Amino acid sequence: MSIHVILLMGGISSRFKSDLPKQFQYLAGKPVYQHSLDTFLSFSQIETIVIVAHPQFTSMIKAVNPDPRLRFAPAGATRQLSSKSGLTALSQESGSVII
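Residues numbered from 1 in each chain as written. Predicted model: local features only at pLDDT ≥ 70, side-chain atom pairs only at ≥ 80, totals over all residues. Heavy atoms only, no water.

(A) The arrangement of helix α3 (residues 79-89) in detail. Restricting attention to buried positions, one finds in α3 the residues S82, S83, S85 and G86. The arc enclosing the buried residues of α3, seen along the axis, measures out at 155°, which places them on a common side. Of the exposed residues in α3, the ones pointing more than 90 degrees away from its buried face are Q80 and K84. Looking at the packing, one finds that the buried side of α3 touches β1 (3-8), β4 (46-53) and β5 (70-74). (Buried < 20%, exposed > 50% of the residue type's maximum accessible area, 1.4 Å probe, protein only. Helix = DSSP H or I, 4+ residues; strand = E, 2+ residues; numbered from the N terminus. Arc of directions from axis to C-beta. Contact = heavy atoms within 4.5 Å.)

(B) View of the packing of aromatic side chains. The final tally for this structure, using the stated rule, is two aromatic pairs. Judged by centre distance (4.5 Å) and plane angle (25°), the ring pair of F24 and F57 falls under stacked. Highlighted residues: F24 in the loop between β1 and β2 (26-27) and F57 in helix α2 (residues 55-64), separated in sequence by 33 residues. One exposure class covers both F24 and F57, and it is buried. A connected cluster of aromatic rings, assembled from ring pairs, spans F24, Y33 and F57. (Phe/Tyr/Trp six-rings, centres within 6.5 Å; stacked < 30°, edge-to-face > 60°.)

In structure tokens, the structure reads:
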């Protein structure tokens, strides 16, 4: 069975009052998102991880995560639209999807 993950990272943290969204803030020595991503990357059974983020952050994420299982999809204006974007990036795949 194929397993795919969609990691939603499109929030802008408007209530957080920072120029950098909270998923990119450091916690225990690495960005918050990296804790989740590292967990998913540790499972060889996961075929694809779609990171849904605003395009200006894609190169920053790629620079520290060269894993070939990663794909990127643009974030939407809402969580629902971001989820749809991630699912669209997997439209040619079959199996289970973890969001």
